[in-house]
Amino acid sequence: MGTDTAEVVETPSYSYASAFKVHHVMCTELRKLVDRILRIFPEIEAARPRCSSGIKALCSLNNAIEKAKLLLQYCSESSKLYLAITTDAIVSRCQKAKNLLEQGLCQIQSMVPVMLAVEISQIVDDLRAANFFPDKFDAEAGKVVRDLLHQGAATPDSLEYVETRALQTAASQLHVTSSTAILIEKRSIKKLLEKVGDTELQKKKILKYLLYLLRKYGHLLIREQTDNTVDNNEGTFTVNNPGTNFVSTHSVDVKSHKECKQYDAQADKLSGASPPEEFKCPVSSRLMYDPVVIASGQTFERAWIQKWFGDGNDTCPKTETKLAHLSLTPNAVMKDLISKWCMKYGITIQDPSLQSEMLHSLENSSTSIASFGSSINDMRFPVDISNISIGSLDTSYNSDGSQNKVADGLRLIREQTSDDLCQYQNPSNASKMVVESLCSLPELDWESQYEIVEDMTNHLKCDDLACMSMSSKNFIEPLFKFLSSAHDMRDIRAQRAGFQLLLIFLSQNRNGIRYLNEDAYSLLSLSLNSEATKEVLDIIEVLSAQSSCKSKIAASGALISILNILDSKITEFQEPVIKILQHLSSSPDICSNLASLECIPKFVPFLEDATLARHCIVVLRNLCNNQESRLSIIETLGCITSIAMLIETGSHEDQEHALAILLTLCSQRVEYCQLVMDECDIFPALFDVSVNGSDKGKASAMELLRLLRDTNHDDEEQDRFQSDVMPEDASNYPKDKKSHKSLFGVKLSMFSRSSAQKKKK
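Residues numbered from 1 in each chain as written. Predicted model: local features only at pLDDT ≥ 70, side-chain atom pairs only at ≥ 80, totals over all residues. Heavy atoms only, no water.

As annotated in an unreviewed UniProt entry, the protein chain carries the name RING-type E3 ubiquitin transferase and comes from Hibiscus sabdariffa. Among the UniProt annotations of the protein chain, the heading Pathway (unreviewed entry) holds the following wording: "Protein modification; protein ubiquitination." (UniProt positions renumbered as here; feature names shortened; annotations may be inferred.)

Dropping the structure here:
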């Protein structure tokens, strides 16, 4: 019982907890790998992109996991004798399960954040290093029974002797030597027989023959285990209690154990020499194959830092500092040092960028289990069992249940389009095809060029895995030549197709952004005034989120066109334009340009739109860092009122931005404080935020209340001074101003009392 409980705790993801009956070492190795994948599977599922290829990759991985789990369950529940007979098929299925897991992880690896990709990469390496070898005793038992099945017709006396010796030898190796173990073995065979279909005559005959042997000679197996004295040096076992499930101890010779459990040669070499930390990539913690230096001065593996940048990061993974640029400089000195160290210890480093080629080799590998039976079709069994193919026996035990469950998702995806390009194909081959087609565009007539670009767009919509393994430079340059020609010819249809293709590529492969030159940005700017405005805005929105692109967008002259589009009041364009300005306004230099273009009045109407206000308020907050913009906010009719309204009606985030703007203004000049108080009744909203807002909102509201209180106090002092100097004019002092100050004082007093009561509570 204790053993079973421990097993359940160790592998909670499985529906079974018993030990593997046969091929224990091999199955345990596979189970450990499956468990590691299951531990990170929720993270993979949460991080997957919402695209068809992401769903395909996830379904593929889930399918591989289910197949592996079913294989492990089969090895824990099936007949020991039958598992031993089909040893070669089990080894093949373990290898195939390993390949499917590796293939699924490789497909999903490029779609998850870089740190999760590193963890996946480590599991992939361990999958590649795993080798499956049958246990020595299991293999011997299977050979004995298979030899028995190969026997031709014999006399009854000799037949009984052959069957007895074969069964006793196999049972001894497989621990089927107690009455309980024999009963369990019989039940396992009967369960297999129940699952055998009418067309699987070969498998049915073998199972019936094994059941016949156990019924006829089972009593001899029990006597055998009590009469024989076992030599532990021969690798067999002794039974401690024949009345319980087999509880045996056996001493396995060291040589056979090593044959079953082989470790990767690279790991053996590395165990004797630990590489210096500076030779390891800070992201993957592995020896670097192609070390490069980034703007922070840190060195990384090229493939992993490109993946980091491709995820949209513009900081150093090690120092977490913002990078001035995303350029990569080869570290030749480090590469030379690593090469010398590897030569010294005889270690070879694998190129991480070759992932797609390895995936291709996995997809093309054939591990058909049925092929293992083709050489055994000539068996001549002692009992009437003929024309049996052992290898075909296991093909019936398939992952049909799980396959149907996962295949539904894949089938749904396939049915969404009839385009042949959307079917499964190797990513590296597809990428090569796309790039070669683009490079050959100038050789074709214009209509053919358009058709190819349109086909590529449809292809990448269905399979964006191809984008990840494409050469960005060889994709961007010919595509922009096509777009430039389309612009010169004023072919709107071709422009839209080209820009759609560019958008898909840049959205899936951010590394391609650095290959956009000055002419590319100029073409995008010019195309903002064409009928392809929507497509171009979507591209600029992607680019504007990258810090390295903001100045290039501004330099292209796109700002004026973008603001003109905002003036056009075309609803479809408003949100992408404001999002672009939100990204661009985070740059101080661009803020100055926007301020000079007098853009503040353009944003006021959108502050009343629930969808657009959250973006507009961020733009205004960024612009508020510029003196000219602050003055424009104060002078623009209705701007202060609209900002104050968000403090009352907006989300916590909107409130924080609105308060930051008013704090910036009020801390600049006393006149601005007075203007805020005169233009809107802001105090109720401030009191509410100071109590119910976010922590940041509360602090900002309290600070703004303090500034307004101090302004009010200074005004009262000035009024008192004027009253002492010129008492005769006191009656002429504006009554509305006095009453406003009085009301403000009452509200502050009420707020102070309320705060004091809450503190007491």
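Novice: Give me the pattern of salt bridges: which residues, what numbers.
Specialist: Within this structure, the stated rule accounts for 15 salt bridges. A salt bridge links Arg302 to Asp290; its shortest N-O distance comes to 2.6 Å. A residue pair is termed long-range when its members are at least 10 positions apart, and Arg302 in helix H13 (residues 302–310) and Asp290 in the loop between helix H12 (265–271) and strand S3 (291–293) qualify at twelve residues. Between Asp567 and Lys602 there is a salt bridge whose closest N-O contact spans 2.5 Å. With Asp567 in helix H25 (residues 558–567) and Lys602 in helix H28 (residues 600–603), this pair connects stretches of sequence that are 35 residues apart. Each member of the salt-bridge network shares a partner with another, and the members are Glu102, Asp125, Arg128 and Arg286. (Salt bridge = Lys/Arg side-chain N within 4 Å of Asp/Glu carboxyl O. Helix = DSSP H or I, 4+ residues; strand = E, 2+ residues; numbered from the N terminus.)

Novice: Give a description of the side chain of Ser527 that names residues and reports values.
Specialist: Checked against the element boundaries, Ser527 lands in helix H22 (residues 518–527). The residues touching Ser527, leaving out its near neighbours within four places in the chain, are His487, Gln495, Phe499, Ala532, Thr533 and Val536. (Contact = heavy atoms within 4.5 Å.)

Novice: Explain a positive patch on the surface to me, and be specific about the residues and the numbers.
Specialist: There is a patch of like positive charges on the surface, built from Arg187, Lys190, Lys191, Lys195 and Arg215. A total of four residues in the positive patch trace back to one element, the largest contributor, which is helix H9 (residues 179–195). Structurally, the position occupied by Arg187 is in helix H9. Under the relative-accessibility criterion, Arg187 is labelled exposed at 52%. (Patch = residues over 30% accessible without salt bridge, like charges linked within 9 Å, V, L, I, M, F, W, Y side chains within 5 Å. Areas by Shrake-Rupley, 256 points an atom, 1.4 Å probe, with all protein chains shown as cover. Lys, Arg positive; Asp, Glu negative; His and termini not counted. Charge placed at Lys NZ, Arg CZ, Asp CG, Glu CD. Buried < 20%, exposed > 50% of the residue type's maximum accessible area, 1.4 Å probe, protein only.)

Novice: Describe helix H7 (residues 136–150), naming the residues involved and giving the relevant values.
Specialist: Counted at 1.5 Å a residue, the expected span for H7 with its 15 residues is 21 Å, and the 21 Å between its end C-alpha atoms agrees. The complete set of buried residues in H7 reads Phe137, Asp138, Ala141, Gly142, Val145, Arg146, Leu148 and Leu149. (Expected span 1.5 Å × (residues − 1).)

Novice: I'd like to hear about the packing of helix H21 (residues 492–508) against helix H23 (residues 533–544), residue by residue, with values.
Specialist: Packing of H21 against H23 brings their axes to within 9 Å, and their N-to-C directions diverge by 20°. Classified by the angle their axes make, H21 and H23 are roughly parallel. In this structure, the crossing between H21 and H23 has a hand that is left-handed. For the pair H21 and H23, the contacting residues are Arg496, Phe499, Gln500, Leu502, Leu503, Leu506 and Ser507 in the first and Glu535, Val536, Asp538, Ile539, Val542 and Leu543 in the second. In terms of residue class, the contact of H21 with H23 is built from eight nonpolar, two polar and three charged. (Axes fitted to C-alpha atoms, helices over the stretch in contact; angles between N-to-C directions. Parallel < 35°, antiparallel > 145°, perpendicular 65-115°, else oblique. Left-handed = near helix turned anticlockwise from the far one by under 90°. Nonpolar A, V, L, I, M, F, W, Y, C, P; charged D, E, K, R; others polar.)

Novice: Outline the nonpolar core, listing residues and values.
Specialist: If you look at the biggest cluster of nonpolar residues, it comprises 99 residues, and the most contacted ones within it are Leu543, Ile643 and Ile682. Not counting the four nearest positions on each side in its chain, Ile643 is found in contact with Leu607, Ile617, Leu620, Ile633, Ala658, Ile661 and Leu662. Ile40, Leu105, Leu213 and Leu221 belong to the second-largest nonpolar core, a separate cluster that totals 92 residues. (Core = buried A, V, L, I, M, F, W, Y, C linked by side-chain atoms within 4.5 Å.)

Novice: Now, about the packing of aromatic side chains: what can you tell me, with residues and values included?
Specialist: Inspection of the entire model under this criterion finds four aromatic pairs. Where Trp446 meets Phe482, the ring centres are 5.0 Å apart and the plane angle is 20°; that geometry is what we call stacked. Of this pair, Trp446 sits in helix H18 (residues 446–462) while Phe482 sits in helix H20 (residues 472–488), and the two are 36 residues apart along the sequence. According to the relative accessible area criterion, Phe482 is buried, its value standing at 2%. Ring centres 4.0 Å apart and planes at 15° place the aromatic pair Phe475 and Phe505 in the stacked group. Of this pair, Phe475 sits in helix H20 while Phe505 is found in helix H21, placing the two residues 30 residues apart along the sequence. The same class applies to Phe475 as to Phe505, namely buried. One Lys or Arg, Lys335, reaches over the ring of Tyr289 and ends 5.6 Å from the middle of that ring. (Phe/Tyr/Trp six-rings, centres within 6.5 Å; stacked < 30°, edge-to-face > 60°. Lys NZ or Arg CZ within 6 Å of the ring centre and 35° of its normal.)

Novice: Account for the environment of Trp308, naming residues and giving values.
Specialist: Secondary-structure assignment places Trp308 in helix H13. In this structure, the C-alpha to C-alpha distance between Trp308 and Asn511, residues 203 residues apart in sequence, is 9.8 Å. Beyond its immediate stretch of four places on either side in the chain, Trp308 contacts Val114, Asn313, Thr315 and Pro317.

Novice: Could you give an account of a negative patch on the surface, naming the residues involved and the relevant values?
Specialist: A grouping of Asp445, Glu451, Glu454 and Asp455 is seen on the molecular surface, where their side chains present a negatively charged patch. Structurally, Asp445 is set in the loop between helix H17 (427–439) and H18.

Novice: Lay out H9 in plain terms, naming residues and giving numbers.
Specialist: For an α-helix, the turn length of 3.6 residues means that residues three or four places apart are oriented alike. In a regular helix each residue adds 1.5 Å, so 17 residues correspond to 24 Å; H9 covers 25 Å between its end C-alpha atoms and thus fits that length. Those residues of H9 lying buried are Ala181, Ile182, Glu185, Ser188, Ile189, Leu192 and Leu193. One side of H9 carries all its buried residues, which in axial view fall inside an arc of 140°. Opposite the buried face of H9, at more than 90 degrees from it, the exposed residues are Arg187, Lys191, Glu194 and Lys195. (Arc of directions from axis to C-beta.)

Novice: Outline the sheet that holds S3, supporting the account with residue identities and numerical values.
Specialist: With respect to topology, three strands assemble into an open sheet ordered S4-S3-S5, the strand pairing being antiparallel. Edge strands, defined here as strands with exactly one partner in the open sheet, are strand S4 (299–301) and strand S5 (329–330). Two strands pair when backbone bridges link them, and S3 and S4 are joined in this way by three bridges, in the antiparallel orientation. Note that in S4 the partner of Val292 across the bridge is Phe300. Across the sheet, H13 touches S3, S4 and S5, and the angle it forms with S4 is around 95°. (Pairing = 2+ DSSP bridges.)

Novice: Describe the confidence of the model for the protein chain, and please don't skip the residues or the numbers.
Specialist: Averaged over all residues, the pLDDT of the protein chain is 74; the fraction at 70 or higher stands at 70%. Per-residue pLDDT, averaged within each element of the protein chain, yields its smallest value for strand S1 (residues 237–239) (34) and its largest for H23 (94). Counting interchain partners and residues more than four positions distant, the pLDDT-below-50 stretch residues 1–18 has 23 contacts. Predicted confidence for residues 223–272 stays below pLDDT 50, and this span has 65 contacts to residues more than four positions away or in other chains. (pLDDT = per-residue confidence, 0-100.)

Novice: Can you break down the packing of helix H5 (residues 87–109) against helix H6 (residues 114–129) residue by residue, with the values?
Specialist: Contact geometry for H5 and H6: axes closest at 10 Å, N-to-C directions at 155°. Classed by the angle they form, the pair H5 and H6 counts as roughly antiparallel. Pair H5 / H6 crosses with left-handed handedness. Where H5 abuts H6, its residues Lys98, Leu101, Glu102, Leu105, Cys106, Ile108 and Gln109 lie against Ala117, Ile120, Ser121, Ile123, Val124, Leu127 and Arg128. Each residue belonging to the contact of H5 with H6 can be placed in one class, and the counts come to nine nonpolar, two polar and three charged.

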